[in-house]
Amino acid sequence: MEGSDMQEIVLKGFGEVVKTITFRIRRYDPENKELPKYMEYKVPIQKGMTVLDSILYIKEHLDHSLAARYSCRMGICGSCGMIINGKEKLACQTQVLELGKNLIKVDPMGNYEITKDLVPDVSKLFRNHETVKPFIIREEEEPKSEFLQTPEQREEFAMFTDCILCGMCLSACPTSASDELYLGPQALAQGYRYIADNRDLGFNERLNALDSKHGVWRCHFSGACSEVCPKGVDPALAIQLLRQVLTTNVFVKFKQKGTTKAPERKSVSGVS
Amino acid sequence: MRESQLMFLQYLTGLLVVVFGSFHFLLISVLSPSPDKILYAYSGTSGAHVLVGGTLFYSWVRAVYSSLIWGSVLELLLTFLVFHVFNGFRVVLSEIFPGTRADKIITYALVIVALVVFIWGSRTVVLALNGGF
Ligand code: SF4
Ligand code: FES
């Protein structure tokens with residue numbers, strides 16, 4: 001149903017209707033062999049409505065077949081990344097009226113296969129993430145006590161722990177567009193996050209992936225990743241820091257700082 | 001070789017190309033015995049334009065390129081350039097054609113072409129050292 005023949009439906013929980021805005025949404029279903037096309041929907045925008053709310057409005061009242069992915073609706077799960085008016089944004093964090101446009105173009109994230117409409121297949125993102133072993137690597141099987149870390153030591157990588165794996169940095173990255181094997185800003189930033197963690201000793205295990213032909217050296221430093229990150233993570237910075245580490249490693253074997261352990265503890269039941 | 005080692009050499013040779021390239025241009029423009037001057041030289045009744053001094057003066061050019069020091073500067077410049085250019089190509093091509101097989105083909109093909117260019121360039125430098133081009 002096109003916007004013109006619809007009956008205006010007002011949603012509960014939002015302010016008054018301010019204006020009607022046209023959404024031009026890219027539609028594509030790889031299962032039916034048609035080429036991607038844009039479809040327009042007119043949505044009455046109430047104060048406080050986000051792009052995600054508008055998409056859900058379309059889905060509920062105008063076109064049930066539109067596919068989009070979301071979960072938390074509060075910028076935490078990282079599911080609703082899409083390209084809104086040419087720039088990667090979380091749809092649930094983007095206020096329609098703040099965009100200041102009467103026409104809003106919505107595309108799925110780039111550099112991914114498309115599952116349907118606004119839903120990208122982000123398995124590449126998770127695969128790359130796994131490649132850099134995003135966990136603390138230690139020699140001992142079961143540590144008997146905590147590893148100590150000062151607030152300053154945590155600061156060295158704290159920013160990179162804020163990543164919510166939305167995948168928007170990979171979507172914006174020009175190297176990922178041309179080199180499909182490039183690890184991408186998200187995975188590289190996480191590689192650095194663990195190397196810089198004083199509890200970790202897994203530098204050598206990550207080296208092959210990070211220092212590969214499609215690793216850290218392929219970044220052109222366009223900075224698009226840091227520009228679009230909704231959490232203020234700066235993957236471009238992590239990549240530069242990684243390059244510093246790897247260049248030093250050419251001359252002097254890089255040694256992770258390691259950490260001191262807290263004294264062994266006995267559990268309350270006496271069984272350690 | 002690790003990618004970090006190759007990229008370190010890439011940046012280093014980039015810098016060296018600038019340094020040695022500057023030597024090369026300095027040699028041509030600053031170290032010349034006198035400014036380039038084209039004069040009429042009359043031999044009998046026929047007049048002709050003849051270069052009588054400066055960097056492009058033929059015997060000066062030959063003298064420069066047959067000196068061992070400047071010959072070495074040129075050879076080093078050639079080495080740095082060949083590495084920088086062909087490693088740069090490798091990076092660009094492996095980004096456009098990703099994949100282990102493609103990486104291998106690109107690397108081997110470029111090593112061969114780089115060697116040919118290097119040998120051909122060195123041949124010119126050596127010939128110049130011996131007084132002929
Ligand atoms: S670094 Fe930022 S943009 Fe990239 S996946 Fe993490 S949160 Fe998203
Ligand atoms: S729905 Fe969770 S971040 Fe947008």
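Figured I'd write up the structure that's included with this text. Remember, it's a predicted structure, so these values are computed and weren't measured experimentally.

1. Concerning the packing of helix α8 (residues 203-210) of chain A against helix α10 (residues 235-251) of chain A
Residues and elements named next belong to chain A.
Turning to step 1, where the next piece is worked out: Their axes nearest at 12 Å, the elements α8 and α10 cross at an angle of 105°. By the angle between their directions, the pair α8 and α10 is classed as roughly perpendicular. Within the contact between the two elements, α8 uses Phe203, Leu207 and Leu210 and α10 uses Leu242, Val245, Leu246 and Asn249.
Turning to step 2, where the next piece is worked out: A class-by-class count of the residues in the contact of α8 with α10 yields six nonpolar, one polar and no charged.

2. Quick word on the packing of helix α3 (residues 68-96) of chain B against helix α4 (residues 100-129) of chain B
Residue and element names in this part refer to chain B.
Turning to step 1, where the next piece is worked out: The contact between α3 and α4 brings their axes to 10 Å, and the two run at 165°. Taken together, the axes of α3 and α4 lie roughly antiparallel to each other. Our pair here, α3 against α4, has a crossing hand that is right-handed. For the pair α3 and α4, the contacting residues are Leu68, Gly71, Leu74, Glu75, Leu78, Thr79, Val82, Phe86, Phe89, Arg90, Leu93 and Ser94 in the first and Asp103, Ile106, Thr107, Leu110, Val113, Ala114, Val117, Phe118, Gly121, Ser122, Val125 and Leu129 in the second.
Turning to step 2, where the next piece is worked out: When the residues that make up the contact of α3 with α4 are grouped by side-chain class, the tally is 15 nonpolar, six polar and three charged.

3. Concerning α4 of chain B
Residues and elements named next belong to chain B.
Turning to step 1, where the next piece is worked out: A rise of 1.5 Å per residue sets the reference length of α4, with its 30 residues, at 44 Å; its end C-alpha atoms lie 43 Å apart and thus fit the reference within 8%.
Turning to step 2, where the next piece is worked out: All of the buried residues along α4 are Asp103, Ile106, Leu110, Ala114, Gly121, Ser122, Val125 and Ala128.
Turning to step 3, where the next piece is worked out: Count one or two residues on from α4 and you reach Gly131, which has phi positive near 90°.

4. Digging into the packing of aromatic side chains
Centre-to-centre distance and the angle between the planes together describe a pair of aromatic rings.
Turning to step 1, where the next piece is worked out: Applying the stated criterion to the full structure yields seven aromatic pairs over all chains.
Turning to step 2, where the next piece is worked out: Look at Phe86 of chain B and Phe89 of chain B: their rings are 6.0 Å apart centre to centre, the planes differ by 70°, and that puts the pair in the edge-to-face class. With Phe86 of chain B and Phe89 of chain B both in helix α3 and three residues apart, this pair spans about one turn of that helix.
Turning to step 3, where the next piece is worked out: Phe89 of chain B sits in the partly exposed class, given a relative accessible area of 44%.
Turning to step 4, where the next piece is worked out: The cationic tip of Arg193 of chain A hangs over the ring face of Tyr194 of chain A; the distance from NZ or CZ to the ring centre is 3.9 Å.
Turning to step 5, where the next piece is worked out: Its end group placed over the ring of Trp120 of chain B, Arg123 of chain B keeps NZ or CZ at 4.5 Å from the ring centre.

5. Quick notes on the interface of chain B and chain A
Turning to step 1, where the next piece is worked out: Taken residue by residue, the interface counts 16 residues in chain B and 19 residues in chain A.
Turning to step 2, where the next piece is worked out: Across the chain B/chain A interface, buried area totals approximately 1500 Å², and carbon plus sulfur atoms make up 57% of it.
Turning to step 3, where the next piece is worked out: Summed over the three residues of chain B that lose the most area to chain A, namely Arg2, Glu3 and Glu95 of chain B, the buried surface amounts to 40% of that side.
Turning to step 4, where the next piece is worked out: The interface formed by chain B and chain A holds one salt bridge in total.
Turning to step 5, where the next piece is worked out: Between Glu3 of chain B and Arg218 of chain A there is a salt bridge, with its nearest N and O atoms 2.9 Å apart.
Turning to step 6, where the next piece is worked out: Between the two partners, chain B and chain A, sit six residue pairs in polar contact (both at pLDDT 80 or more).
Turning to step 7, where the next piece is worked out: Of all the secondary structure elements, the ones that give two or more residues to the side of chain B that touches chain A are α1 (3-29), α3 and α4 of chain B.
Turning to step 8, where the next piece is worked out: Among the elements that take part in the side of chain B that touches chain A, α1 of chain B stands out by supplying six residues, more than any other.
Turning to step 9, where the next piece is worked out: In terms of residue class, the side of chain B that touches chain A is made up of six nonpolar, five polar and five charged.

6. As for the site of ligand 1
Turning to step 1, where the next piece is worked out: In the vicinity of ligand 1, the contacting residues are Cys163, Ile164, Leu165, Cys166, Gly167, Cys169, Gln186, Cys229, Pro230, Val233 and Pro235 of chain A.
Turning to step 2, where the next piece is worked out: Across the shell around ligand 1, the residue classes tally to nine nonpolar, two polar and no charged.

7. Some thoughts on the sheet that holds strand β5 (residues 103-107) of chain A
Residues and elements named next belong to chain A.
Turning to step 1, where the next piece is worked out: Pairing is mixed in the open sheet, where five strands are placed in the order β2-β1-β5-β3-β4. Whereas interior strands pair on both sides, the edge strands pair on one side only; in this sheet they are β2 (37-46) and β4 (87-90). Neighbour-to-neighbour, the strand axes of this sheet turn through a mean angle of 35°, independent of strand direction.
Turning to step 2, where the next piece is worked out: Pairing geometry for strand β3 (residues 81-84) and β5, over two bridges, is antiparallel. Looking across to β5, one finds that Ile83 is bridged to Asp107.
Turning to step 3, where the next piece is worked out: Across the sheet, helix α1 (residues 51-62) touches β1 (17-27), β2, β3 and β5, and the angle it forms with β2 is around 105°.

Cut-off values and rules
In this convention, every chain numbers its residues from 1, walking through the sequence in written order. Whichever chain is written first becomes A and whichever ligand is written first becomes 1, with later ones labelled in order. Reporting of local features is limited, given that this is a predicted model, to residues whose pLDDT is at least 70; pairs of side-chain atoms are given and counted only at 80 or more, and all residues count toward the totals for whole chains, interfaces and linings. Only heavy atoms go into the side-chain values, all of them from the structure, while hydrogens and water stay out. Axis lines are fitted to C-alpha atoms, over the contacting stretch for helices. Their N-to-C directions set the angle, which ranges from 0 to 180 degrees. Under the DSSP-based scheme used, a helix requires at least four consecutive residues in state H or I and a strand at least two consecutive residues in state E, with every element numbered from the N terminus. Should an angle lie under 35 degrees it is considered roughly parallel, over 145 roughly antiparallel, and from 65 to 115 roughly perpendicular; all remaining angles are considered oblique. We call two residues in contact when some of their heavy atoms are within 4.5 Å. Gly falls in the polar group here, along with every residue not listed as nonpolar (Ala, Val, Leu, Ile, Met, Phe, Trp, Tyr, Cys, Pro) or charged (Asp, Glu, Lys, Arg). Handedness of a crossing is defined here by the sense of rotation of the near helix relative to the far one, left-handed for an anticlockwise turn of less than a right angle and right-handed for a clockwise turn. Here, expected helix span is obtained from the residue count minus one, scaled by 1.5 Å. Only protein chains enter the calculation, and the probe is 1.4 Å; a residue is then buried if its accessible area is under 20% of its type maximum, exposed if over 50%, and partly exposed in between. Here is the rule: rings of Phe, Tyr and Trp (six-membered ring for Trp) pair when centre to centre is within 6.5 Å. Planes less than 30 degrees apart are stacked, more than 60 are edge-to-face, and the remainder are tilted. Consider the ring centre and the ring normal. A charge sits over the ring if Lys NZ or Arg CZ is within 6 Å of that centre and within 35 degrees of that normal. Values labelled buried area give the accessible surface lost by two parts on being combined, using a 1.4 Å probe and summing over both. Each reported salt bridge corresponds to a side-chain nitrogen of Lys or Arg within 4 Å of a carboxyl oxygen of Asp or Glu. Here a polar contact is recorded for every N or O atom pair within 3.5 Å, except that within protein the pair must consist of a potential hydrogen donor and a potential acceptor, and residues adjacent in sequence are included only if both atoms are side-chain atoms. Any residue with a heavy atom lying within 4 Å of a molecule or strand is counted as near it. Here a strand pair is declared whenever DSSP counts at least two bridges between the two strands.

Read these as geometric descriptors, not functional statements.
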